[in-house]
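Structure at a glance
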Amino acid sequence: MFEDLIKEMNRLNGQSVSVPIETDEKGYIDKQCPAEDCEFIFKVHEEDWTNIFKDEAVWCPLCRHEAPADQWFTIEQVEHVKTEALAIVKGKIDNAIRSDAQKFNQRQTRNSFISMSMTVKGGINRTFAIPAKAAELMRLEIQCEKCHARFAVIGSAYFCPACGHNSVTQTFADSLRKIKAKKDSIEIVRNALTESMSKDEAELTCRSLLETCISDGVVAFQKYCEGMYARFGTAPFNAFQRLEQGNNIWFEALQKGYSDWLTNDELVELKILFQKRHILAHNEGIVDSQYITKSGDISYKEGQRIVVSEKNIDALISSLEKLGSGIKAACDNA
Ligand SMILES: [Zn+2]
Ligand SMILES: [Zn+2]
């Protein structure tokens, strides 16, 4: 009497249940790094996942862990698939039992001495899977400059998941964003520290935070230039820490220099800021004659300590951004 059930069980044996995964409104699907100490969640564009990504290897945008393409389901998707697979198998079995019961009941005649009937509770069960829902949209959408795969993350990303390429421009933009965030949070830090420590200590900490923004910016720019220059060769050690030397190197490679991308005023200020970084790193911020000659900054006398203002940081970020995009455009055309 359980023919349909037996048939269904035979059908289910070794069968796979496929559960669709939805894309978000922008056509991205969720992925998650399988490395246990990372588990970074990101999104990849579905078209690119099919056309650009390779089965053999996918890279984590954050930690560059490498694993075959079938290992990047999110924990949430895996849980959903398990629940759905179970629901479908259960549904199919229930439906088979229901159909067996129906046949059994039909076979009973009214005149029998004892009448038996079988009831299976509940309606017909669904035998299709509900797709795994996409997580909400991610803010930062990136397209790899090398393989053109599109992906999206929250926070920051350093590597393309489709080809593992470390994007120099992406890292640079990211560093500048971080410096901005640091500068913008100084007021909050000052207030918090004034409450918990003394006003003096709060002031000291905030000043040093602001000063680190300058060296962060210079280092980020140096790394960016080194990365972008790689296609032309290797620049001398620390060359891009020095504005003039860096400018000459670019001029030779691109026939364009910093004055093509910055106004004279911006260039003058940037020169001062690069010298401020130098004096902070090598002379604890105390002005010497070399500083005055090299920066052209006559607002200080020898022996004074330089001051870094929030305006300085704004100017630094703005100029570095302009130089960055100028260099990129020129390199792309070279
Ligand atoms: Zn990772
Ligand atoms: Zn790529």
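Residues numbered from 1 in each chain as written. Chains lettered and ligands numbered in written order. Predicted model: local features only at pLDDT ≥ 70, side-chain atom pairs only at ≥ 80, totals over all residues. Heavy atoms only, no water.

With respect to the domain arrangement of the protein
Domain assignment breaks the protein into domain 1 (1–166) and domain 2 (168–333). Its C-alpha centre places domain 1 at a distance of 49 Å from the equivalent point of domain 2. Across the domain 1 to domain 2 interface the summed buried area is about 600 Å²; carbon plus sulfur atoms make up 38%. If you sort the residues of domain 1 by the area they bury against domain 2, Glu145, Tyr158 and Asn166 come out on top, with a joint share of 54%. (Domains from an automatic or database assignment. Buried area = accessible area lost by both parts, 1.4 Å probe.)

Section: the environment of arginine 98
Its place among the elements puts arginine 98 in helix 3 (residues 75–107). Among the residues examined, arginine 98 registers a relative accessible area of 12% and is labelled buried. C-alpha separation for the pair arginine 98 and leucine 5, spaced 93 residues apart in sequence, amounts to 8.9 Å. Those residues in contact with arginine 98 that sit more than four places away from it in its chain are Val120, Lys121, Gly122, Gly123, Ile124 and Asn125. (Helix = DSSP H or I, 4+ residues; strand = E, 2+ residues; numbered from the N terminus. Buried < 20%, exposed > 50% of the residue type's maximum accessible area, 1.4 Å probe, protein only. Contact = heavy atoms within 4.5 Å.)

Here's the deal with the pattern of salt bridges
Scanning all chains against the criterion turns up 21 salt bridges. Of the charged contacts, one joins arginine 190 and glutamate 187 as a salt bridge, the two residues approaching to 2.6 Å between their closest N and O atoms. With arginine 190 and glutamate 187 both in helix 5 (residues 186–196), this residue pair falls three residues apart, about one helical turn. Through salt bridges that share partners, Asp4, Lys7 and Lys103 make up one connected network. (Salt bridge = Lys/Arg side-chain N within 4 Å of Asp/Glu carboxyl O.)

Topic: the pairing of strand 6 (residues 150–153)
Relative to strand 6, strand 2 (residues 41–45) runs antiparallel, the two being bridged by two bridges. The residue bridging lysine 43 from the neighbouring strand is alanine 152, located in strand 6. Pairing analysis gives four bridges linking strand 5 (residues 140–143) to strand 6, with the strands arranged antiparallel. Note that in strand 6 the partner of leucine 140 across the bridge is valine 153. The hairpin formed by strand 5 and strand 6 contains six residues between the paired strands, and histidine 148 there has a positive phi angle of roughly 70°. (Pairing = 2+ DSSP bridges.)

Here's the deal with unusual backbone geometry
Here glutamate 39, not a glycine, exhibits a phi torsion of approximately 50°, which is positive. Its location among the elements puts glutamate 39 in the loop between strand 1 (28–32) and strand 2. The backbone of histidine 148 sits at a positive phi, close to 70°, despite the residue not being glycine. Looking at the element boundaries, histidine 148 is found in the loop between strand 5 and strand 6.

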